[in-house]
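Here are the chains, one letter per residue:
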Amino acid sequence: MAALVVVALALAACGGDGDTAADGEGDGDEGGATPIHVSLSEWMVAPGEMDGMEGMGDMGGFTAQAGEVTFEVHNDGTVPHELVVVKSDLAPGALPVAGGAVDEAQVEVIGEVEEFEAGTIETGTFQLDAGSYVLFCNIAGHYEQGMSARLTVE
Ligand SMILES: [Cu+2]
């Protein structure tokens, strides 16, 4: 296990200036672009460790290239979480709420990764046009505790 960690760190260090995101440039890239790593925990939606440089825009938001975007979502918390993607210019914490959760009928839901267990990983692929999005967990109470983040698609 320790050896694997060392290798991962070495790869992360090398990848720093390689900028793998840039080669997704053209749209019909079948190989699939590098997934966006999302870490869910109590109570935040944060860029995963491996793409700290690329994912950390202003305010800790995420960025992606328009087109098919794959999210690799890690539940790094201790309870089940989910990830909902909505297209919105509102601030991540300003979505309409009803009954302790975001009212999904009042926002433009693009897709979601259904609730999954702590310590596991799920992926979701969505077609995203350029614009502003909010990523959040909509399990009752979680959004209001701060589980949301900005995603900017360019
Ligand atoms: Cu949650």
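Because the structure is predicted, anything quoted here is derived from the model rather than measured.

## Looking at the coordination of the copper ion
At step 1: The protein atoms that coordinate the copper ion are His81 (ND1), Cys137 (SG) and His142 (ND1), at distances of 2.0 to 2.1 Å.
At step 2: Considered as a linear motif, the donors of the copper ion on their single chain read H-x55-C-x4-H. Taken together, the residues His81 in strand 5 (residues 81-87) and Cys137 in the loop between strand 10 (131-136) and strand 11 (148-153) connect sequence positions 56 residues apart.
At step 3: The exposure class of Cys137 is buried, given its relative accessible area of 0%.

## Brief notes about the sheet that holds strand 1 (residues 36-41)
At step 1: Sheet architecture is open: 4 strands sit in the order 2-1-4-9, paired in mixed fashion. Each of the sheet's edge strands pairs with one partner strand only, and the pair in question is strand 2 (44-47) and strand 9 (121-128). Strand-to-strand twist of the sheet, defined as the mean angle between neighbouring strand axes without regard to direction, takes the value 30°.

## Examining the pairing of strand 11
Strand residues, when the strand is regular, have side chains that alternate between the two faces of the sheet.
At step 1: Taken across its 6 residues, strand 11 has 5 buried, putting it largely inside the fold.
At step 2: Taken together, the 3 bridges between strand 3 (residues 62-64) and strand 11 define a ladder with parallel strand orientation. Within the sheet, the bridge partner assigned to Thr63 lies in strand 11 and is Thr152.
At step 3: Note: strand 10 against strand 11, 6 bridges, orientation antiparallel. Bridge pairing in strand 11 places Tyr133 opposite Leu151.

## Structural notes on the sheet that holds strand 10
Sheet strands pair by backbone hydrogen bonding; their relative direction is either parallel or antiparallel.
At step 1: What the 5 strands build is an open sheet, ordered 3-11-10-5-8; its pairing is mixed. In this open sheet, the two edge strands, each paired with only one partner strand, are strand 3 and strand 8 (108-116). Neighbour-to-neighbour, the strand axes of this sheet turn through a mean angle of 20°, independent of strand direction.

## Things to note about the environment of Asp76
At step 1: Structurally, Asp76 can be placed in the loop between strand 4 (67-75) and strand 5.
At step 2: With 35 residues separating them in the primary sequence, Asp76 and Ser41 have C-alpha atoms 5.2 Å apart.
At step 3: Excluding its chain neighbours within four sequence positions, the residues that come into contact with Asp76 are Ser39, Leu40 and Ser41.
At step 4: Reaching out from Asp76, the side chain makes a polar contact with the side chain of Ser39 at a distance of 2.5 Å.

What counts and how
Residues numbered from 1 in each chain as written. Predicted model: local features only at pLDDT ≥ 70, side-chain atom pairs only at ≥ 80, totals over all residues. Heavy atoms only, no water. Donors = N, O, S within 2.8 Å, 3.2 Å for Na, K, Ca; no water. Helix = DSSP H or I, 4+ residues; strand = E, 2+ residues; numbered from the N terminus. Buried < 20%, exposed > 50% of the residue type's maximum accessible area, 1.4 Å probe, protein only. Pairing = 2+ DSSP bridges. Axes fitted to C-alpha atoms, helices over the stretch in contact; angles between N-to-C directions. Contact = heavy atoms within 4.5 Å. Polar contact = N/O pair within 3.5 Å; in protein donor to acceptor, adjacent residues only side chain to side chain.

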